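What follows is each chain in one-letter form.
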Amino acid sequence: MAQRFQLGDNVKIAIIGAGAAGLIAAKNLRDIGLFQVEVFEELDSVGGTWIYQEDLSTTGYFQSSMYRDLHTNLPKEIMGFLDFPFDDSFDASSFPSHQVVLNYLVSFCRNFRLYELIRFRCFVRNISKLEENGSIRWDVTIYDSRRQQEDKKRYDAVVVCNGHYTKPFIPKIPGSDWFSRPIIHSHFYKTPEPFCKLRVAVLGAGNSGVDISYEIRRVASKVSLCHRKCAVRKTLSDNLEECPTIEYLDKDGKVYLADKSTLQVDVLLLCTGYEYDFPFLDSSCEVSVQDNVVFPVYRHLIHAKYPTMSFVGLPIRILPFPLFDYQTRYLAAVYRGRCELPSCDKMLAEQQQQISLLESKGCKKYYHFFADKQWEYCRELADLADGPTLSCAVQQVYEDAAKFRKKEPEKYRRRKYVIYGKGPKDWRVFENQV
Ligand code: FAD
């Protein structure tokens, strides 16, 4: 049986994290006017990933993956939240630096008066579920590092927005135990200088792998970008080559590739992605992460057994801020009783079915990878929440930028996108603007 879920008035909602996901969740849930929203943030400022932390040894649990010279890989013209354009007043370039994105998030926060909802330097240590008068409630244990005090508070709903670029995924590569060269994950990559004059193997050709390879090659003696989709070694430029993936590592920096050729390297840089991690959810929350799948979540968002717990921002290969906006508008519509949820059994069965299908194809770990399916997902959520729909222009600019990024990884950021409407032809791109 479908459930119409209504949280009632004066309901207390805890949001974990004040990155982009937590901020838009706070706005969309607060704007309904029925809920008391409180955001807990471990750091002393908003922005999460977009805060560049030069020295990770001094940070707490949250460590940003941001690197010094990073510029966005998506045009800012499509990156912003639905009601707060990321326009040229922030920066004229379509691909600004991380600092500009941080400025955008800070302005968003000021503009919508979100600061008053956030409790900074409050680290969520534990969340546990309990039943009170027949309803599910959540006990949230917070450590306030300013007051050096632990506090426990009870909430009717919890929205988890802790990000998923904190726990590096380290693949098991045979030989890594005796490989006598440093193995570093991209999470810890900050600047190219330490790679000066070195021979570097980069494993993984996602956005970070490609971007960092091109950064490092400016100072390194050689960069070999190794990945599964490459069958034959080929030179990309004087000191940068593309190689088949790594099969095993030998002593003295020798790397064996899938085509049986070898590399001699001084350092191995893993750009192999991240794992979902919710160290603060205790077993009563009944949430598990297996093979990179968060279970049980309905529509990659709502706890299928206990819908007052939700997870914003799980999908990967997406247009993040708008997708978080659609997710939280839908969440707000569900919590105020405007959208029905299927029965708990149906929600569980739906996710199980999707996972089984991927498992049969050997690609369960891509469950939260969206890419092309993000558009249908966003439009469906917009429809359900009766909100603004995603424009064709945004989708087309995303696709155009992705195509050009793949073709010209070093030059794509010189382009300038202009969007002047919502229709499929309402945008232009100008070459060599920077
Ligand atoms: P985060 O930004 O990680 O925020 C999570 C927040 O939760 C943090 O502030 C953290 O301190 C807090 N937190 C975590 N645990 C706790 C706890 N227990 N208690 C209290 N607080 C806690 N997106 C784009 O749109 N364009 C790009 O060009 C782009 N480039 C990227 C480049 C890199 C290298 C990376 C890693 C990501 C990039 N992204 C990009 C994606 C980016 O991650 C998202 O845009 C977005 O910032 C994610 O926001 P989030 O709120 O989900 O997570």
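These numbers were taken from a predicted model, which means no experiment stands behind them.

(A) Just the packing of aromatic side chains, in detail. Counting across every chain of the model gives 26 aromatic pairs. Ring centres of Phe86 and Tyr104 lie 4.3 Å apart, and the angle between their planes is 20°; this geometry places the pair in the stacked category. Here Phe86, found in the loop between helix H2 (76-79) and helix H3 (98-111), pairs with Tyr104, found in helix H3; they are 18 residues apart in sequence, far enough to count as distant. Accessibility expressed as a relative area gives 0% for Tyr104, which makes it buried.

(B) Structural detail: the sheet that holds strand S5 (residues 122-132). Strand order in the open sheet formed by 3 strands is S5-S6-S7, with antiparallel pairing between adjacent strands. The sheet terminates laterally at S5 and strand S7 (149-155), the two strands that pair on one side only. For this sheet, the mean angle separating the axes of adjacent strands, direction not counted, is 20°. Summarising the sheet, strand S6 (residues 135-144) and S7 pair through 7 bridges and their orientation is antiparallel. Counterpart to Trp138 in the pairing with S7 is Tyr155.

(C) Expanded view of the site of the ligand. Lining the immediate environment of the ligand, one finds 32 residues, of which Glu41, Thr49, Trp50, Asn73 and Val124 sit closest. The separation between an oxygen atom of the ligand and a polar main-chain atom of Thr49 is 2.8 Å. A distance of 2.9 Å separates a nitrogen atom of the ligand from a polar backbone atom of Val124. Those elements giving two or more residues to the shell around the ligand turn out to be helix H1 (20-30), S5 and helix H5 (320-335). Of the residues contributing to the shell around the ligand, the split by class is 20 nonpolar, 10 polar and 2 charged.

(D) Broad picture of the packing of H1 against H5. Their axes nearest at 9 Å, the elements H1 and H5 cross at an angle of 35°. Remark: the crossing between H1 and H5 carries right-handed chirality. Contact residues: Ala20, Ala21, Ile24, Ala25, Asn28 and Leu29 in H1; Phe321, Phe324, Asp325, Thr328, Arg329, Ala332 and Tyr335 in H5. Across the contact of H1 with H5, the residue classes tally to 9 nonpolar, 2 polar and 2 charged.

(E) Molecular detail of the state of the cysteines. Scanning the model with the defined rule gives 0 disulfides in all. Free cysteine: Cys109, not disulfide-bonded; nearest cysteine sulfur from Cys161 at 13 Å. What makes Cys109 buried here is its relative accessible area of 0%.

(F) Just the nonpolar core, in detail. Ranked by internal contacts, the top residues of the largest apolar core, which has 99 residues, are Ile15, Phe321 and Tyr330. Of the residues forming this core, the biggest block, 10 residues, is contributed by H5. Filtering out sequence-adjacent residues up to four positions away, Ile15 remains in contact with Gly22, Ala25, Ala26, Leu29, Val37, Glu38, Val39, Phe40, Val159 and Cys161. Ala14, Trp138, Tyr155 and Tyr276 belong to the second largest nonpolar core, which has 24 residues in total.

(G) The pairing of strand S2 (residues 11-16), seen in detail. For S2, the tally of buried residues reaches 5 of 6 residues, placing the bulk of the element in the interior. Once the chain exits S2 it traverses H1 before rejoining the sheet at strand S3 (residues 35-40), and the crossover so formed is right-handed.

(H) Expanded view of the environment of Glu41. Looking at the element boundaries, Glu41 is found in the loop between S3 and H2. Taking relative accessible area as the criterion, Glu41 reaches 7% and is therefore assigned buried. Spatially, the C-alpha atoms of Glu41 and Arg119 are 6.1 Å apart, while their sequence positions differ by 78 residues. Among residues more than four places away in sequence, those in contact with Glu41 are Gly17, Ala18, Gly19, Ile118, Arg119, Phe120, Arg121 and Cys122. Among the polar contacts made by the side chain of Glu41, one reaches the main-chain amide nitrogen of Leu43 at a distance of 2.8 Å.

(I) View of helix H6 (residues 344-360). An ideal rise of 1.5 Å per residue puts 24 Å on 17 residues; H6 measures up with 24 Å between its terminal C-alpha atoms. Restricting attention to buried positions, one finds in H6 the residues Met347, Leu348, Gln351, Ile355 and Leu358. Buried residues along H6 cover an arc of 95° about the axis, so they all sit on one side. Among the exposed residues of H6, those oriented more than 90 degrees off its buried face are Asp345, Lys346, Gln353, Leu357 and Ser360. On its buried side, H6 packs onto strand S1 (3-4), strand S21 (293-295), strand S22 (297-298) and strand S25 (340-341). Gly362 sits one or two residues past H6 and shows a positive phi near 75°.

(J) Structural view of the packing of H5 against helix H7 (residues 373-385). Where H5 contacts H7, the axes come no closer than 9 Å and their chain directions differ by 30°. The orientation of H5 with respect to H7, classified from their angle, is roughly parallel. Remark: the crossing between H5 and H7 carries left-handed chirality. Facing H5, whose interface residues are Leu323, Tyr326, Gln327, Arg329, Tyr330 and Ala333, H7 presents Gln374, Tyr377, Cys378, Leu381, Ala382, Leu384 and Ala385.

(K) Local environment of the pattern of salt bridges. In this structure the tally under the stated criterion is 36 salt bridges. For Asp266, the salt bridge goes to Arg199, with nearest N and O atoms at 2.9 Å. Taken together, the positions of Asp266 in the loop between strand S17 (262-264) and strand S18 (267-270) and Arg199 in strand S11 (residues 199-203) put the pair 67 residues apart, joining distant regions of the chain. For Lys411, the salt bridge identified is with Glu408, shortest N-O distance 4.0 Å. When its relative accessible area of 40% is taken as the criterion, Lys411 is described as partly exposed.

The rules behind each value
Residues numbered from 1 in each chain as written. Predicted model: local features only at pLDDT ≥ 70, side-chain atom pairs only at ≥ 80, totals over all residues. Heavy atoms only, no water. Phe/Tyr/Trp six-rings, centres within 6.5 Å; stacked < 30°, edge-to-face > 60°. Helix = DSSP H or I, 4+ residues; strand = E, 2+ residues; numbered from the N terminus. Buried < 20%, exposed > 50% of the residue type's maximum accessible area, 1.4 Å probe, protein only. Pairing = 2+ DSSP bridges. Axes fitted to C-alpha atoms, helices over the stretch in contact; angles between N-to-C directions. Near = heavy atom within 4 Å. Polar contact = N/O pair within 3.5 Å; in protein donor to acceptor, adjacent residues only side chain to side chain. Nonpolar A, V, L, I, M, F, W, Y, C, P; charged D, E, K, R; others polar. Left-handed = near helix turned anticlockwise from the far one by under 90°. Contact = heavy atoms within 4.5 Å. Disulfide = S-S within 2.5 Å. Core = buried A, V, L, I, M, F, W, Y, C linked by side-chain atoms within 4.5 Å. Right-handed = clockwise from strand over helix to strand, strands pointing away. Expected span 1.5 Å × (residues − 1). Arc of directions from axis to C-beta. Parallel < 35°, antiparallel > 145°, perpendicular 65-115°, else oblique. Salt bridge = Lys/Arg side-chain N within 4 Å of Asp/Glu carboxyl O.

Any link to function would need more than the numbers given here.
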